[in-house]
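An overview of the molecular structure
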Amino acid sequence: GAGVSQSPSNKVTEKGKDVELRCDPISGHTALYWYRQRLGQGLEFLIYFQGNSAPDKSGLPSDRFSAERTGESVSTLTIQRTQQEDSAVYLCASSLAGGRLSYEQYFGPGTRLTVT
Amino acid sequence: GESVGLHLPTLSVQEGDNSIINCAYSNSASDYFIWYKQESGKGPQFIIDIRSNMDKRQGQRVTVLLNKTVKHLSLQIAATQPGDSAVYFCAENGNDYKLSFGAGTTVTVRA
């Protein structure tokens, strides 16, 4: 079946511009996560959506970052007034459910963001 | 070849040999651990998981060992193949649903 998809795969933007990244989770997955991966580093949690519950935004690094999710489908991560330190791969993952005993997370291929 | 020590950022292994990748986790309350494989240009891919009520779990060519006493996790790959070349991450799910990822180990398989 179809996995998690993300678009665009690559994005180059000028410093100060806004960008919007899209994630299409696996159908039926109620939980959706965004991570940031800087070059050569591990994954850094950004935000988590679970069904209709309020999202956990505790990992967002600044108020320039925001994310939305429509029901249990598409999610968009928006970065306003991009800075060079925002350059990274942004990964989206979904799972059947979230919570204490987290189900396996399936990752998309990521969006590579380069801020010049 | 086998890795020695708590964590190495890189591991070079001869094709056909066994590999051991180590990871130390930080949260003693963690009860779920996952190993992911990430190939260049791709998202992480699930390899194997283990819950804290177990100390060993086997998959196809892979074995995960968990030592809760010293908060140590390892991934063993039997008969390493060129397709095993990738970055391997351990992740722990401690107090909540958020996975905390290690820094990753880059495995290079020599022909």
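In short, a report on the structure. Just so we're clear, the structure is a prediction, and the values are computed from it rather than from any experiment. (Residues numbered from 1 in each chain as written. Chains lettered and ligands numbered in written order. Predicted model: local features only at pLDDT ≥ 70, side-chain atom pairs only at ≥ 80, totals over all residues. Heavy atoms only, no water.)

What follows deals with the state of the cysteines. Joining two cysteines, a disulfide is a covalent bond between their sulfur atoms. Counting across every chain of the model gives two disulfides over all chains. The disulfide bridge from Cys23 of chain A ends at Cys92 of chain A, spanning 1.9 Å between sulfur atoms. Across the disulfide from Cys23 of chain A to Cys92 of chain A, rotation about the S-S bond amounts to roughly -65°, and the bridge is consequently left-handed. Linking Cys23 of chain A in strand β3 (residues 19–24) with Cys92 of chain A in strand β8 (residues 88–95), this pair joins segments that are 69 residues apart in sequence. With relative accessibility at 0%, the residue Cys23 of chain A sits in the buried group. Assessed through its relative accessible area of 0%, Cys92 of chain A is described here as buried. Put simply, Cys23 of chain B and Cys90 of chain B are joined by a disulfide, and their sulfur atoms are 1.6 Å apart. Taken together, the residues span a long stretch of sequence, with Cys23 of chain B in strand β2 (residues 19–24) and Cys90 of chain B in strand β8 (residues 86–93) at a distance of 67 residues. Comparing Cys23 of chain B with Cys90 of chain B shows no difference in burial state: the two are buried. (Disulfide = S-S within 2.5 Å. Helix = DSSP H or I, 4+ residues; strand = E, 2+ residues; numbered from the N terminus. Buried < 20%, exposed > 50% of the residue type's maximum accessible area, 1.4 Å probe, protein only.)

Residues and elements named next belong to chain A. Per the stated rule, a full pass over the model turns up six salt bridges over all chains. A salt bridge links Asp24 to Arg22, with the nearest nitrogen and oxygen atoms 2.8 Å apart. Taking the shortest distance from any N to any O, the salt bridge between Asp86 and Arg64 comes out at 2.8 Å. Highlighted residues: Asp86 in the loop between β7 (75–79) and β8 and Arg64 in the loop between β5 (43–50) and β6 (65–69), separated in sequence by 22 residues. According to the relative accessible area criterion, Asp86 is buried, its value standing at 1%. You can call Arg64 buried: its relative accessible area is 11%. (Salt bridge = Lys/Arg side-chain N within 4 Å of Asp/Glu carboxyl O.)

What follows covers the sheet that holds β2 of chain B. Residue and element names in this part refer to chain B. Spatial strand order, β2-β7-β6-β5: four strands in an open sheet with antiparallel pairing. Sheet topology places β2 and β5 (56–58) at the edges, where each strand pairs with a single neighbour. Taken pair by pair, the neighbouring strands of this sheet meet at an average axis angle of 15°, ignoring direction. The sheet contact formed by β2 and strand β7 (residues 72–77) spans six bridges and is antiparallel. When the bridges of β7 are listed, Ala24 appears paired with His72. (Pairing = 2+ DSSP bridges. Axes fitted to C-alpha atoms, helices over the stretch in contact; angles between N-to-C directions.)

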